[in-house]
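Per-entry structural report
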Amino acid sequence: MALKSKKILILANEFPYGCHEQYMESEEKYYSRFDRAWIAALGINKTAAESRRDLQSKAEVIPVWYQSRHFYRINCFTALADRNLYQELFELIRTHRFTKQRVMDLLYYLSKAHYEARVIDKALKNEDKQDLLIYSYRFEYQPYVALLLKRKWGNTHKIVCRAHGYDLYEERNMNNYLPMRSTLLREVDYVFPCSKYGAEYIKNKYPTGKAQVDARYLGTSDHGEKVFSSGKEPLLILSCSNVLKVKRIDKIIDALSFLKDIPIEWTHFGDGALMDEIRQYAEDKLGSNVKVSFAGNIANTELMNTYAAKDFYMFLNVSSSEGLPVSVMEAMSFGIPCIATDVGGTGEIVKNDHGTLISKDAAAGEIAEAIRAVYAMKAEDYQTLRHHARRFWESHFNADKNYHDFFEELAALQ
């Protein structure tokens, strides 16, 4: 009797096009654990289509183009036959959360999901889909695409979802609403938040959900431990995030403004809607002792090469909300100590023996004192801090181990 072919369909935002979902680059090679793999690159726009990252696996890519808002408004009529629409509307009314804005969010969600499911179904029309595992990298509308495909293809398919930040915590979304949560947790098989904090959030918020919910850590690639070889003046400080309100880059600027007696070079990687505002704020707020470099978005390979080449002394993350920050993992893999706010799952990665965890609402002066405390360390104590950061990353967030184990687990589900 021939062995059953193992097949997986991955639902991802644009990946491998554009620059979204950079951290999928670390796990993509493990898709080769399956005999056939398809990546549905969801919501591709013209800008993203101009670049496509090379794949290490033999996964086949299904491009799914983003359509206009006008298209999705018209297409939402296709969702009127979806019984889950009415269940969700009733749930909104029952829980006193029914608003025009949330109904609009719901219709857009369903319209997009139904459209993308049709595109994927057409692309795989002639493929053997028996016992196909559907893996959604996000826990937003993408798992609903999976449910629609399962409904069309039959009940032999298991659905597995990762969950991260905005796709997990309702409070991080406009109107404090993520549609279809109860439906997803009733009908998908597994939800794997990237932190224990996220897993508890789902279990507490949706105690009647039938999906198995358990944390599965992400990981970052090993680029080698950085041997710190220079002094601490100027103090090289690193941060890396989108420039959005939730990331509170202005709070880093406020903290650095307190450290007038320390020569500092601060480099921030990342871009976003507030970039111009933050750039001006830094210019107005910081003294001549702080040299600032806003490096923008760069390829992850280039970013890791920069981490390896420069003697960054510490990494800062002062977000008001997080899943479990991969940016912190990357810094720790080089042995860079991190100062971070205790939000989301950050406390699962930043520990006192290799970093500094500060309260979510820490004032700028408190952040400055945390920076000064690391700066004031004796050289041997600082080297121990770096060593512990690297060792903790090796044991908990090494991509080779975590992704190998994760995809072995997924393959065993079939």
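The preceding data block contains the structure.
Residues numbered from 1 in each chain as written. Predicted model: local features only at pLDDT ≥ 70, side-chain atom pairs only at ≥ 80, totals over all residues. Heavy atoms only, no water.

Once that is clear, we can look at the packing of aromatic side chains. Counting across every chain of the model gives 24 aromatic pairs. Relative to Y115, the ring of Y72 lies with its centre 6.1 Å away and its plane at 75 degrees, an arrangement referred to as edge-to-face. Taken together, the residues Y72 in helix 3 (residues 69–75) and Y115 in helix 5 (residues 100–123) connect sequence positions 43 residues apart. Accessibility classification places Y72 together with Y115 in one group, the buried group. Note on W266 and F294: the rings are 5.5 Å apart at their centroids and 75 degrees apart in plane angle, and the pair reads as edge-to-face. Here W266, found in strand 9 (residues 264–269), pairs with F294, found in strand 10 (residues 290–296); they are 28 residues apart in sequence, far enough to count as distant. Residue classification places W266 among the buried positions, given a relative accessible area of 1%. For F294, a relative accessible area of 17% puts it in the buried group. An aromatic cluster is defined as three or more aromatic residues linked by ring pairs; in this entry it consists of Y31, Y135, Y190, F192, F406 and F407. Just above the ring of W153 sits the side chain of K129; from NZ or CZ to the centre is 5.4 Å. (Phe/Tyr/Trp six-rings, centres within 6.5 Å; stacked < 30°, edge-to-face > 60°. Helix = DSSP H or I, 4+ residues; strand = E, 2+ residues; numbered from the N terminus. Buried < 20%, exposed > 50% of the residue type's maximum accessible area, 1.4 Å probe, protein only. Lys NZ or Arg CZ within 6 Å of the ring centre and 35° of its normal.)

The side-chain alternation of strand 12 (residues 338–341) yields two buried faces, one formed by C338 and A340 and the other by I339 and T341. Where strand 11 (residues 314–317) lies against strand 12, three bridges are found, and the strand directions are parallel. Bridge pairing links L316 to I339 in strand 12. In this fold, strand 11 hands off to helix 12 (residues 326–333), which returns the chain to strand 12; that crossover is right-handed. (Pairing = 2+ DSSP bridges. Right-handed = clockwise from strand over helix to strand, strands pointing away.)

Tallied over the full model, the rule gives 29 salt bridges. When the shortest N-O distance is used, the salt bridge between D167 and R138 registers 3.5 Å. With D167 in the loop between strand 5 (159–163) and helix 7 (181–187) and R138 in the loop between strand 4 (133–136) and helix 6 (142–153), this residue pair connects regions lying 29 residues apart in the sequence. Between E225 and R391 there is a salt bridge, with the nearest N and O atoms lying 3.1 Å from each other. On the criterion of sequence distance, the pair formed by E225 in the loop between strand 7 (212–213) and strand 8 (235–240) and R391 in helix 14 (residues 379–396) is long-range, its members being 166 residues apart. Given a relative accessible area of 36%, E225 falls into the partly exposed group. Beyond isolated ion pairs, a larger network of salt bridges with shared partners links D222, E225, R390, R391 and E394. (Salt bridge = Lys/Arg side-chain N within 4 Å of Asp/Glu carboxyl O.)

Here six strands make up an open sheet; going across it, the order is 10-9-8-11-12-13 and the pairing parallel. Only two strands of the sheet have a single neighbouring strand rather than two, namely strand 10 and strand 13 (355–358). Mean inter-strand twist for the sheet, computed between neighbouring axes without regard to direction, equals 20 degrees. Across six bridges, the pairing between strand 8 and strand 9 is parallel. From the neighbouring strand, L235 faces strand 9, where its bridge partner is I264. (Axes fitted to C-alpha atoms, helices over the stretch in contact; angles between N-to-C directions.)

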